[in-house]
Amino acid sequence: MPVAPGRAVIYGEGWQSWSVTAAQPATTVPYRDTGRNSLAIDCQYGCAAPEGVHQGSGLLAIDPGTGGPVEVFGAVSALQSVPAIQAAMRGETLVVTADGPVTHSADAGPGGLTGALSRWGEAFAAGAGVAAGDLREIPPVWCSWYQYYGAVTAEDILINLTAMDDCGIPVGVVQIDDGYEAAPGDWLVPADRFGDLPGLIGRIRDSGRRAGIWIAPMIVGQASALYTDHPDWMVRDEGTGEPVFAGDVLGAECTALDLTHPGAADYLAGVLITMRDWGIDYFKIDFVYAGAYEGRRCQSVTGVTAYRHGLRLIREAIGAEAVLLGCGAPILPSVGVVDAMRVGPDIAARYEPPDGHPTLPSQRNATRNTMARAWQHGRFWLNDADCLMARPGVERREEWAATVERFGGLRSSGDAIADLDDWGLQTTRRLLVPSPTAPLV
């Protein structure tokens, strides 16, 4: 297609929550990382796009800069596979290719690129069985991760539970994040800092709040008891026969759990049913990109089919009334199953990411994706921009608060309440409201 190189803009949908998603000039050379961890975590098929090529996972939209309509190329479905759609500049022509079936439409409606994406999103959501009236309000959340990270203790949770009442912070869900478990995969074996996890859940519920938990249900740490006891439950590389590499994350090298294996499926369902019986009804599922790897499984299915199977298993185990928040999750294959979705990399106290990497935790990266994917809120699900961080020491905290206020669907706090100053307390009280469900853009 002909474009005006100096004015044309390309939107490429990232593979999962943290993958780079932005509307970029067509002449921009996209960031390309071929490091082992980045390929395993950020990239569709574990492969980076060719040098200089823009790529969208199931969705690529182009404003040609000529005054003509926005050209939208999108997946027909994301139930079994997601096409990788690529665009490469050739002089004043943009060559678009895809490795699977896509639709192509020319959208001359209002709103430019964002308007075109919104209209495409409404049609895709409808095809996935999502109607605007299906989206439900979620109460404001407090999350332990962004203050305590993996060193969180049961006592930290209880201290903040008291502080919420003392300081008038309107929290409806208290979500325990990573750190409660002995190892990734050993979800019902508590870390020493959490001797009585069911009892802690009871204390949260006794305070009049809902209890939430973080879990990475599709990855397994290679130092876990689950990995040692059930090596046959892991997804294997088709070439080497070794367990697939799912990233050096959560303090361990991890692989992927094969949820098409009846034993693995029963194990995970049992974990989630147990947590539900404790009183947990808010589940943040993280690192679930691992469930979509291609590889050797008990059942011969595509990675996306296996991932969707895993999502359905999770939903059935926790029940329709529980809140399901996706994170580190393939975007299009998750539509129609999760209630809310993290749409960018983690927020952090620093503004700039380490070494400038575009998918690592930072305010710059979280803001970029949150703004680019704002059109998904109220159409696919409720967008989770990530937690408000309002304590002193957070760089440019006023800017992040403004982003959360404008683009945050799911509202959550990530600070120790006692660490908030007057501005932090006032801002947290003001922004912690039930999630809006109408589209933001």
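Okay, so let's go over this structure. Counting restarts for each chain, with residues numbered from 1 along the sequence as it is written. This being a predicted model, a pLDDT of at least 70 is required before a residue's local features are given, and a value of 80 or more before pairs of side-chain atoms are given or counted; all residues contribute to the totals for chains, interfaces and linings. Where side-chain values are given, they derive from all heavy atoms of the structure, hydrogens and water being excluded.

## Thoughts on the packing of helix α11 (residues 397–407) against helix α12 (residues 422–431)
Relative placement of two packed helices is described by the angle separating their axes and the distance separating the axes. As a packed pair, α11 and α12 sit with axes 11 Å apart at the nearest point and diverge in direction by 10 degrees. As judged from the angle between their axes, α11 and α12 are roughly parallel. Residues R397, E398, A401, V404 and E405 of α11 form the contact with α12, whose participating residues are W423, G424, T427, R430 and L431. Its residues assigned to classes, the contact of α11 with α12 shows four nonpolar, two polar and four charged. With axes taken as lines fitted to C-alpha atoms, and helix axes fitted only over the stretch in contact, angles between N-to-C directions fall between 0 and 180 degrees. Think of it this way: any DSSP run of H or I at least four residues long counts as a helix, any run of E at least two long counts as a strand, and we number them from the N terminus. Roughly parallel means an angle under 35 degrees; roughly antiparallel means over 145; roughly perpendicular covers 65 to 115; every other angle is labelled oblique. Residues count as neighbours in contact if any of their non-hydrogen atoms are within 4.5 Å of one another. Classification convention: Asp, Glu, Lys, Arg as charged; Ala, Val, Leu, Ile, Met, Phe, Trp, Tyr, Cys, Pro as nonpolar; all other residues, Gly among them, as polar.

## Things to note about the side chain of D42
Structurally, D42 can be placed in helix α1 (residues 36–42). Separated by 3.0 Å, the side chains of D42 and T359 make a polar contact. Under the rule applied, a polar contact is a pair of N or O atoms within 3.5 Å (in protein, one hydrogen donor and one hydrogen acceptor; residues adjacent in sequence only if both atoms are side-chain atoms).

## Comments concerning the sheet that holds strand β5 (residues 70–75)
Strands are labelled as partners when DSSP assigns at least two bridges between them. One open sheet holds the five strands; their spatial order is β2-β1-β4-β5-β8, and the pairing between them is antiparallel. For this open sheet the edge positions go to β2 (22–25) and β8 (102–107), each flanked by a neighbour on one side alone. The mean angle between the axes of side-by-side strands here comes to 15 degrees, regardless of whether they run parallel or antiparallel. Summarising the sheet, β5 and β8 pair through six bridges and their orientation is antiparallel. The residue bridging E71 from the neighbouring strand is A106, located in β8.

## Overview of the packing of aromatic side chains
Two measures describe an aromatic ring pair: the distance that separates the ring centres and the angle between the ring planes. For Phe, Tyr and Trp, where Trp contributes only its six-membered ring, two rings pair if their centres lie within 6.5 Å, and the inter-plane angle classes them as stacked under 30 degrees, edge-to-face over 60, or tilted in between. Inspection of every chain in the model, using the stated rule, returns 13 aromatic pairs. Of note, R36 hangs over the ring of F245, and the distance from its end group to the ring centre comes to 3.6 Å. The criterion is that NZ of a Lys, or CZ of an Arg, lies within 6 Å of the ring centre and within 35 degrees of the ring normal, and then a charge sits over that ring. Its guanidinium or amino end placed over the ring of Y351, R396 lies 3.6 Å from that ring's centre, counting from NZ or CZ.

## Thoughts on the sheet that holds strand β7 (residues 93–98)
One open sheet holds the three strands; their spatial order is β3-β6-β7, and the pairing between them is antiparallel. In this open sheet, the two strands that pair with only one neighbour each are β3 (54–57) and β7. Taken pair by pair, the neighbouring strands of this sheet meet at an average axis angle of 20 degrees, ignoring direction. Sheet topology places strand β6 (residues 84–90) next to β7; six bridges connect them, and they run antiparallel. Bridge pairing links Q86 to T97 in β7.

## Observations concerning empty space enclosed by the protein
Cavity: a set of points on a 1 Å grid over the protein atoms alone where a 1.4 Å probe fits but cannot get out. Pocket: an open set with protein on both sides within 12 Å along at least five of seven lines, its lining residues, like those of a cavity, having an atom within 4 Å of a point. Grid points are joined across faces, edges and corners, and a volume is the space filled by probe spheres set on the points. One pass over the structure, following the stated rule, counts two cavities of 30 Å³ or more. Empty space within the largest cavity amounts to approximately 60 Å³. Lining the largest cavity are V141, C143, Q175, Y282, K284, L325, R342, D384, D386, C387, L410 and S412. Broken down by secondary-structure element, the contributors of at least two residues to the lining of the largest cavity are β9 (141–143) and β15 (280–285). Its residues assigned to classes, the lining of the largest cavity shows six nonpolar, two polar and four charged. In this structure, the second largest cavity encloses a volume near 40 Å³.

## Notes on the pairing of strand β11 (residues 210–215)
Across the six residues of β11, five count as buried, placing the element largely inside the fold. Relative to β11, strand β10 (residues 173–176) runs parallel, the two being bridged by four bridges. Across the sheet, V174 pairs through a bridge with A211, a residue of β11. Traced from β10 through helix α5 (residues 197–206) to β11, the parallel crossover comes out right-handed. The buried label applies to any residue whose accessible area, calculated with a 1.4 Å probe on protein chains only, is under 20% of its type's maximum; exposed applies above 50%, and partly exposed to all values in between. By the criterion used throughout, a crossover qualifies as right-handed when its path from the first strand across the helix to the second strand runs clockwise, the strands pointing away from the viewer.

## Things to note about the nonpolar core
One finds I157, I176, Y180, F194, M275, F283 and F380 to be the most contacted residues of the largest nonpolar core, which totals 128 residues. As used here, the term nonpolar core means buried Ala, Val, Leu, Ile, Met, Phe, Trp, Tyr and Cys residues forming a set that is joined through side-chain atoms within 4.5 Å. Membership of the second largest hydrophobic core comes to ten residues, among which are I62, F73, I85 and A87.

## So, the side chain of R297
Note that R297 resides in the loop between β15 and α8 (303–318). In this charge count, Lys and Arg are treated as positive and Asp and Glu as negative; neither His nor the chain ends contribute. The rule for a salt bridge is simple: a side-chain nitrogen of Lys or Arg has to be within 4 Å of a carboxyl oxygen of Asp or Glu. One buried charged residue, R297, forms no salt bridge at all, with the nearest opposite charge on D258 at 4.1 Å. Polar contacts involving the side chain of R297 include one to the main-chain carbonyl oxygen of G291, which spans 3.2 Å. With residues up to four places along the chain from it excluded, the contact list for R297 reads V235, D258, T260, A290, G291, A292, T302, G303 and A306.

## Thoughts on the pattern of salt bridges
Scanning the model with the defined rule gives 18 salt bridges in all. Residues D339 and R136 are paired through a salt bridge, measuring 3.0 Å at the closest nitrogen-oxygen approach. Of this pair, D339 sits in the loop between α9 (331–334) and β17 (340–342) while R136 sits in the loop between α2 (112–127) and β9; the two residues are 203 residues apart in sequence, bridging distant segments of the chain. Look at D339 and you get buried, because its relative accessible area is 15%. Measuring nitrogen to oxygen at the nearest pair gives 3.9 Å for the salt bridge that ties R397 to E398.

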